[in-house]
Amino acid sequence: MRTLTVGELKAQFSQVIKDVQAGEEIAVAFGKKKEVVAYLVPKPARKPAPRKLGILQGKGKAIFADDFKMTEEEFLGL
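Residues numbered from 1 in each chain as written. Predicted model: local features only at pLDDT ≥ 70, side-chain atom pairs only at ≥ 80, totals over all residues. Heavy atoms only, no water.

Undergrad: For this particular structure, what's the right way to read the side chain of D19?
TA: Inspection of the secondary structure assignment puts D19 in helix α2 (residues 13–21). Residue class for D19 comes out buried when judged on its relative accessible area of 15%. Filtering out sequence-adjacent residues up to four positions away, D19 remains in contact with R2, E24 and I26. (Helix = DSSP H or I, 4+ residues; strand = E, 2+ residues; numbered from the N terminus. Buried < 20%, exposed > 50% of the residue type's maximum accessible area, 1.4 Å probe, protein only. Contact = heavy atoms within 4.5 Å.)

Below is the structure:
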């Protein structure tokens, strides 16, 4: 783990963010004693929640006239 002061962090911010994205952990030191006050760690990868299909089922309806006709080309906008 690398330790940077606030001034160093400000001066190298873009590179520090790239390093964190690459998996590096960085400690941020502040004050005369250079006490560690924060850690920059990579965000853990999350799997997206599975999508529920059919959540609107039964909550609406569509009614088509008996003489409604549309070709596949019209439907697809060709």
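Undergrad: Even after reading the chapter, I still don't get the pattern of salt bridges, so can you show me in this structure?
TA: Pairing of side chains with opposite charge becomes possible as their charged atoms draw close. All told, the structure shown has two salt bridges when counted by the stated rule. Where R2 meets D19, a salt bridge forms, and the shortest distance between an N and an O atom there is 2.7 Å. Taken together, the positions of R2 in strand β1 (residues 2–5) and D19 in helix α2 put the pair 17 residues apart, joining distant regions of the chain. Salt-bridge contacts for R2 lead to E24; the nearest nitrogen and oxygen are separated by 3.2 Å. With a gap of 22 residues between them, R2 in strand β1 and E24 in the loop between α2 and β2 (26–30) connect regions that are remote in the sequence. A relative accessible area of 29% means that E24 is categorised as partly exposed. (Salt bridge = Lys/Arg side-chain N within 4 Å of Asp/Glu carboxyl O.)

Undergrad: Explain the sheet that holds strand β3 (residues 35–40) to me, please; I cannot follow it from the model alone.
TA: Picture the strands of a sheet paired through backbone hydrogen bonds; they go either parallel or antiparallel. Pairing is mixed in the open sheet, where three strands are placed in the order β1-β2-β3. Bordering the open sheet on either side are β1 and β3, each of which pairs with just one other strand. Across the sheet, the mean angle separating the axes of adjacent strands is 35° when strand polarity is ignored. Sheet topology places β1 next to β2; four bridges connect them, and they run parallel. Directly across from R2, in β2, lies its bridge partner I26. (Pairing = 2+ DSSP bridges. Axes fitted to C-alpha atoms, helices over the stretch in contact; angles between N-to-C directions.)

Undergrad: I tried to follow unusual backbone geometry on my own but got confused; where do I start?
TA: A negative phi angle characterises most non-glycine residues, just as the trans form characterises most peptide bonds. The phi torsion at K34 lies on the positive side, around 50°, for a residue other than glycine. Turning to its location among the elements, K34 is positioned in the loop between β2 and β3. Judged by relative accessible area, which is 53%, K34 ranks as exposed.

Undergrad: I keep staring at the nonpolar core and nothing clicks. Help me out?
TA: Side chains that are nonpolar tend, in soluble globular proteins, to be buried together. Formed by L4, L9, V16, V20, I26 and V28, the largest nonpolar core amounts to six residues. Contributing elements (two or more residues each) for this core: α2 and β2. Ignoring anything within four residues of it in the chain, the contact list for V16 reads R2, L4, L9, I26 and L40. (Core = buried A, V, L, I, M, F, W, Y, C linked by side-chain atoms within 4.5 Å.)

On their own, these measurements won't tell you what the molecule is for.
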